[in-house]
Amino acid sequence: MDFKNKDVISINDFSKEDLLHILKVARTMEGRRDTLLKGKILATLFFEPSTRTRLSFASAMEGLGGKVLGFDSAAASSFEKGETIWDTAKMVEKYCDVIVLRNPIEGSARLVAEASSKPVINAGDGANQHPTQTLLDLYTIEKVKHKLDNLHIGILGDLKYGRTVHSLTTALSHFKPVLYFIAPPALQMPQTYLDELEKKGIKFIIESNLMKVSKKLDILYVTRIQKERFPDPIEYEKYKGFYKLDTSLLSHIKKDLKIMHPLPRVDEIDRSLDETEHAVYFEQAANGIPIRKALLALVLGKAT
Amino acid sequence: MKKEVSISAIKDGTVIDHIPSNATFKVIDTLDLKGIRGIISAATNLKSKKMGKKGIIKISEKYLTQDEVNKIAIIAPDASVNIIENYNVKKKLQVSIPQTIHKAIKCSNPNCITNVEKIPGKFDVLKKDPVKVRCLYCERDMDKEDIVIL
Ligand SMILES: [Zn+2]
């Protein structure tokens, strides 16, 4: 498996073996600070704000001795008007060794990868993909459960529009999980993902009430549920209680349930849960560093 | 079998029959025939028992390959393609949907980079009957009814 010069655009491009290999390399990157990527330059092109993701990539690159240049959304808005993203990529590739791109237009990362001879890592292209998030989610699950196979995993929140939960579902389908999709009917998992699971023989349960399935879960992955997504405010009132977790949940779960969240949260997880051993969402965010270090080192040919 | 007069009217080349009438010029476009030297004649709004109205394209001195024929599968799935040599039908080619489609169709996602920056699309064919494709850029799936032919 040679990742040198490979692009990281979509979780759909990776086989199970690829995913496991990236996780393996990430384990060697825990706490690592040295000069592995000395002399290499990362360009971060952020056409919309995502400070956490950008800092995480910058920290990974600089932690391995590389340099970072780039722009965030403020500078992007002053970017030459009318310049296509293709032209931007053609210019930037001359300045750097690897590109990290975030752009709200879906498919933009694939186009930049076609334009650039340097490897491109997608840090979010609109509603489509954010593969480093998915990888750090897998990494976290493996770390807290010491395995990936045969887990009972609940995914809660806006499953209809949530990019994160779609990619996670695809990635998990390699590992024979039982999936519990917990959302009000109007925000349930789109049929096309359910069809794919069925085709792969993955067992899944559709549920609107967390309490009905909470005792079965090894992992509960919580995402934000936005009031504006509900077609009917009355329906929101009816369901909102189910999707705000607090310590009352604790008597309805397995002792070793781990709760994840891609962050930032609004009010779907009460801070009273933060100090319990179930909460792993801050650890999850920190896992972005070894995953991004691993990807940068792999695509730059400095790790195998 | 009754042969149409128009089919035998070229000496050597390719005749594409049973094109949906309104797709006739799109077929010419998709096949990128502008550069070729031989005579190209096209007719639309011909009466057809099977299709109501249909189009025919005759291309002299050019033998389409199976790969070229497959390019028109989405816009003219029932087209019949005859390779003509010395006024006779030498070979019949079946239109079949290829694994990937370039150009020809448009992604239905308005926020897709192919629509925002007006670049030609690329699609993976997930299923052939009924046809289902996935945009290689934004990764959205399109069913037959969502497919817009350019
Ligand atoms: Zn698209």
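Residues numbered from 1 in each chain as written. Chains lettered and ligands numbered in written order. Predicted model: local features only at pLDDT ≥ 70, side-chain atom pairs only at ≥ 80, totals over all residues. Heavy atoms only, no water.

Engineer: What am I meant to see in the confidence of the model for chain B here?
Structural biologist: One rule of thumb: low pLDDT means the predicted coordinates there are not for detailed reading. Averaged over all residues, the pLDDT of chain B equals 87, while 95% of them reach at least 70. Confidence metrics for the complex model read pTM 0.87 and ipTM 0.90. (pLDDT = per-residue confidence, 0-100.)

Engineer: Looking at this structure, I do not really get the pattern of salt bridges. What am I missing?
Structural biologist: Note on pairing: side chains with opposite charge can pair once their charged atoms come close. Summed over all chains, the structure comprises 22 salt bridges over all chains. Where Lys54 of chain B meets Asp17 of chain B, a salt bridge forms, and the shortest distance between an N and an O atom there is 3.1 Å. Of the two residues, Lys54 of chain B sits in strand β3 (residues 52-60) while Asp17 of chain B sits in strand β1 (residues 13-20), which places them 37 residues apart along the sequence. A network of salt bridges, in which partner residues are shared, links Asp13 and Arg110 of chain A together with Glu139 of chain B. (Salt bridge = Lys/Arg side-chain N within 4 Å of Asp/Glu carboxyl O. Helix = DSSP H or I, 4+ residues; strand = E, 2+ residues; numbered from the N terminus.)

Engineer: How do you make sense of the pairing of strand β8 (residues 122-128) of chain B when you look at a structure like this?
Structural biologist: Taken residue by residue, a regular strand's side chains alternate between the two faces of the sheet. All names here are of chain B. Here strand β6 (residues 100-102) runs beside β8; their pairing, made up of three bridges, is antiparallel. Pairing of His102 across the sheet is with Lys122, part of β8. Strand direction decides the pairing type here: β8 and strand β9 (residues 131-135), joined by five bridges, are antiparallel. For Lys128, the partnering residue across the bridge sits in β9 and is Val131. Counting the residues between successive antiparallel strands, the hairpin from β8 to β9 contains two residues. (Pairing = 2+ DSSP bridges.)

Engineer: Is there a simple way to think about the interface of chain B and chain A in this case?
Structural biologist: Often, the extent of an interface is quoted as the loss of accessible area upon association of its parts. Listed per partner, the contact involves 15 residues of chain B and 19 residues of chain A. Counting the surface lost from both chain B and chain A, the interface buries some 1,200 Å², and carbon and sulfur atoms represent 40% of this. Where chain B touches chain A, the interface holds four salt bridges. With a closest N to O distance of 3.0 Å, Glu106 of chain A and Arg140 of chain B form a salt bridge. Seen at the junction of chain B and chain A, the total is 14 residue pairs in polar contact (both at pLDDT 80 or more). In terms of residue class, the side of chain B that touches chain A is made up of seven nonpolar, two polar and six charged. (Contact = heavy atoms within 4.5 Å. Buried area = accessible area lost by both parts, 1.4 Å probe. Polar contact = N/O pair within 3.5 Å; in protein donor to acceptor, adjacent residues only side chain to side chain. Nonpolar A, V, L, I, M, F, W, Y, C, P; charged D, E, K, R; others polar.)

Engineer: Looking at this model, I keep getting lost on the domain arrangement of chain A. Mind explaining?
Structural biologist: Residue and element names in this part refer to chain A. Annotation of chain A at the domain level lists domain 1 (11-129 + 288-299) and domain 2 (131-285). Just the C-alpha atoms count here: the centres of domain 1 and domain 2 sit 27 Å apart. Between domain 1 and domain 2, the residue contacts involve 28 residues of the former and 23 residues of the latter. Of all residues in domain 1, Ile11, Lys16 and Leu23 bury the most surface against domain 2, accounting for 27% of the area lost on that side. Across the contact surface, domain 1 and domain 2 share two salt bridges. A salt bridge links Glu142 to Arg27; the shortest N-O distance between them is 2.8 Å. Counting the contacts that link domain 1 with domain 2 gives seven residue pairs in polar contact (both at pLDDT 80 or more). (Domains from an automatic or database assignment.)

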